[in-house]
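# Understanding the architecture of this molecule
Residues per chain are reported as follows:
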Amino acid sequence: MRLILLGPPGAGKGTQAQRIVEKHGIPQLSTGDMLRAAVTAGTDVGKRAKAVMDAGKLVSDEIVIAIVSERIDAPDCANGFILDGFPRTLVQADATEAMLSGKGLDLSAVVEIRVDDDILADRIAGRYTCGNCGAGYHDENLKPKVEGVCDKCGSTHFKRRPDDNRETVRTRLQAYYKETSPLIGYYHCKGKLHSVDGMGEIDAVTAEIEAILARA
Ligand code: AMP
């Protein structure tokens, strides 16, 4: 299964991707995570990407396409993968198609998670992850069962993304509408697009996505 999760920042792509990983055993390829790892490691790519990411703008197509095309050749992608945060521009979407068709592969489905803009800033400003295992949490909507302790691995170290603040969210949303939202029409025309209501409970969104995957 080769799946794309589409939606603005804060729609819940990462949360839903983690659940699909657990259920279907295919990896989540998040370009945001890969770029953050490059920034932390201080690689050339990380150095070029950092300021752009901190400002909430998009990293160049050339960089992210190179990262993804290398990643999908890894053995753990043989049975499929979930693209989370990629493609984000029409150039990236065309490149995805070329990468897959070059291997004789096709996309199974593109799932758009729809949410109202006015809740995104609250969702993003409140989110954080476990510094050890990456499990996602939120100050209001998704607290750990025991305060300050990760449900999944027991770590007490949590972190917040530098770009998860109200000022940067505005720029990230603008980038989404300008560069990424045209992909909704692009995949609709290809007969690949499915939309789910991302405003409901996390479990309800998962159920909607699973119903789509069962038919894909
Ligand atoms: P995300 O974790 O998906 O919210 O991505 C965080 C940041 O990484 C974005 O605001 C961009 O600066 C950069 N980024 C992630 N994926 C892409 C992409 N496919 N194209 C361009 N920039 C990206």
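For the structure itself, consult the block above.
In what follows, the accompanying structure is described. (Residues numbered from 1 in each chain as written. Predicted model: local features only at pLDDT ≥ 70, side-chain atom pairs only at ≥ 80, totals over all residues. Heavy atoms only, no water.)

## Some remarks on the overall build of the protein chain
Within the protein chain, the secondary structure is distributed over 9 helices and 8 strands. A globule of 216 residues ought to have a C-alpha radius of gyration of about 17 Å, and the protein chain, at 17 Å, matches this closely. Viewed in the frame of its principal axes, the protein chain has a C-alpha envelope of about 50 × 40 × 35 Å. Scored against the burial criterion, the 216 residues of the protein chain give a buried share of 43%. A separation threshold of at least 6 residues defines the contact pool for the protein chain, and within that pool the share at least 24 residues apart is 68%. By element, 51% of the accessible surface of the protein chain is carried by carbon and sulfur atoms, the whole surface being about 11100 Å². Distance from the positive charge centre (28 side chains) to the negative charge centre (31 side chains) of the protein chain: 2 Å. (Helix = DSSP H or I, 4+ residues; strand = E, 2+ residues; numbered from the N terminus. Rg over C-alpha atoms; globule rule 2.2 N^0.38 Å. Buried < 20%, exposed > 50% of the residue type's maximum accessible area, 1.4 Å probe, protein only. Contact = heavy atoms within 4.5 Å. Areas by Shrake-Rupley, 256 points an atom, 1.4 Å probe, with all protein chains shown as cover. Lys, Arg positive; Asp, Glu negative; His and termini not counted. Charge placed at Lys NZ, Arg CZ, Asp CG, Glu CD.)

## Comments concerning the sheet that holds strand E5 (residues 127-130)
Judged by pairing direction, the sheet is antiparallel, and its 3 strands sit side by side in the order E6-E5-E7 without closing on themselves. Single-partner strands in this sheet number two, and they are strand E6 (136-138) and strand E7 (158-159). (Pairing = 2+ DSSP bridges.)

## Here's the deal with the pairing of strand E1 (residues 2-6)
Among the 5 residues in E1, 5 count as buried, and that is most of the element. Because side chains alternate across E1, one face comprises the buried residues Arg 2, Ile 4 and Leu 6, and the other comprises Leu 3 and Leu 5, equally buried. Relative to strand E3 (residues 81-84), E1 runs parallel, the two being bridged by 4 bridges. In the sheet register, Ile 4 faces E3, and the bridge partner there is Leu 83. Relative to strand E4 (residues 109-114), E1 is paired through 4 bridges, and the arrangement is parallel. Paired with Leu 5 across the bridge in E4 is Val 111.

## Focus on helix H9 (residues 202-215)
Here H9 is 14 residues long and its end C-alpha atoms lie 21 Å apart, about the 20 Å a rise of 1.5 Å per residue gives. Of all the residues in H9, the buried ones are Val 205, Thr 206, Ile 209, Glu 210, Ile 212 and Leu 213. The buried residues of H9 all sit within an arc of 160° when viewed along its axis, so they share a single face. With respect to the buried face of H9, the exposed residues turned more than 90 degrees away are Asp 203, Ala 214 and Arg 215. On its buried face, H9 is in contact with E1, helix H1 (13-24), E4 and strand E8 (193-197). (Expected span 1.5 Å × (residues − 1). Arc of directions from axis to C-beta.)

That is the geometry; function is a separate question.
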